Amino acid sequence: MGRRKDSGFTLIELMIVIAVIGILAIVLVPRIGTIKSQAKEAGLDTNVRVVQAYVESKIDKWVANKVKQSDVVAEIVNAFTFTDTSKQLVNPITSEAANAVSAPDTDAISANSSVVVLQPHNNNEPPDLSTTIPNAEGAVLVTVKAANENSKVEKVSIFAYGTGGKLLTDKTVVITP
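Rules used in this analysis
Residues numbered from 1 in each chain as written. Predicted model: local features only at pLDDT ≥ 70, side-chain atom pairs only at ≥ 80, totals over all residues. Heavy atoms only, no water. Patch = residues over 30% accessible without salt bridge, like charges linked within 9 Å, V, L, I, M, F, W, Y side chains within 5 Å. Areas by Shrake-Rupley, 256 points an atom, 1.4 Å probe, with all protein chains shown as cover. Salt bridge = Lys/Arg side-chain N within 4 Å of Asp/Glu carboxyl O. Helix = DSSP H or I, 4+ residues; strand = E, 2+ residues; numbered from the N terminus. Buried < 20%, exposed > 50% of the residue type's maximum accessible area, 1.4 Å probe, protein only. Core = buried A, V, L, I, M, F, W, Y, C linked by side-chain atoms within 4.5 Å. Contact = heavy atoms within 4.5 Å. Pairing = 2+ DSSP bridges. Expected span 1.5 Å × (residues − 1). Bend = angle between axes of the 7 residues up to and from the residue.

A word on a nonpolar patch on the surface
1) Next: Together, Ile12, Ile16, Val20, Ile23, Leu24, Ile26, Val27, Leu28 and Ile32 make up a nonpolar patch on the protein surface, roughly 890 Å² of accessible area in all.
2) Next: Topologically, Leu28 is positioned in helix 1 (residues 11–64).
3) Next: Take Leu28: its relative accessible area is 44%, and that puts it in the partly exposed class.

As for the pattern of salt bridges
1) Next: One pass over the structure, following the stated rule, counts 4 salt bridges.
2) Next: As a salt-bridge pair, Lys171 and Glu41 come within 3.8 Å of each other at their nearest N and O atoms. Of the two residues, Lys171 sits in the loop between strand 5 (153–160) and strand 6 (173–175) while Glu41 sits in helix 1, which places them 130 residues apart along the sequence.
3) Next: Overlapping salt bridges bring together Glu41, Asp170 and Lys171 as one network.

Some details on the nonpolar core
1) Next: Judged by nonpolar contacts, the single largest core of 25 residues is most densely connected at Val51, Val55, Ile59, Trp62, Val72, Ile76 and Ile158.
2) Next: Contributing elements (two or more residues each) for this core: helix 1, helix 2 (69–79), strand 4 (140–146), strand 5 and strand 6.
3) Next: The element that contributes the greatest number of residues to this core is helix 1, accounting for 8 residues.
4) Next: With sequence-adjacent residues up to four places away left out, Val72 is seen in contact with Trp62, Val67, Val144 and Val153.

A short note on the pairing of strand 5
For a regular strand, side chains alternate in direction, first toward one face of the sheet and then toward the other.
1) Next: Most of strand 5 sits inside the fold, with 7 of its 8 residues counted as buried.
2) Next: Alignment of strand 4 against strand 5, held across 7 bridges, turns out to be antiparallel. The residue bridging Val142 from the neighbouring strand is Ile158, located in strand 5.
3) Next: In this antiparallel pair of consecutive strands, strand 4 and strand 5, the connection spans 6 residues.
4) Next: Bridge count between strand 5 and strand 6: 3 bridges; the pairing is antiparallel. Within the sheet, the bridge partner assigned to Val156 lies in strand 6 and is Ile175.

Here's the deal with the pairing of strand 4
1) Next: Buried residues dominate strand 4, accounting for 7 of its 7 residues.
2) Next: Of the two faces of strand 4, both are covered, the one formed by Val140, Val142, Val144 and Ala146 as well as the one formed by Leu141, Thr143 and Lys145.

Looking at helix 1
1) Next: Between its terminal C-alpha atoms helix 1 stretches 79 Å, which fits the 80 Å expected from 54 residues at 1.5 Å a residue.
2) Next: Of all the bends in helix 1, the largest measures some 40° and sits at Lys58.

Okay, here's the thing in structure tokens:
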């Protein structure tokens, strides 16, 4: 029997390759979504840790110098507000570089705010942003607790909000002097 002159794939070979690709796609596509969400959460965790490191490095000085709550809030906002966009924290969910904002109420929070500082904060529960601000996803919320605006800091809490503005309780950090 002689060799076939026309080289190429038979219909059966093409169908087998397409079937294998289809099976791989069915197995891998759901995993890609999981990997993306894990990466976003890791980015959010990084942002929380950056803010945590900053607050931990300053809180004893704030307490020793009896820095007012409003001044602590201003200092945190200034620490995370950059004109150089390469230094800004990146919101891992929206992929936008963003600065800190001080938000006495939740109306100022948007997707362009990676670090949000709410003041005053005189209770132990963070606001539920998922019902009020769906754009807060990827935000790191910092609350500064004091007896009143003119008294020293008692506690700084850091909260992370994931997709849909849902509070990620496993990423909550509380720093006390």
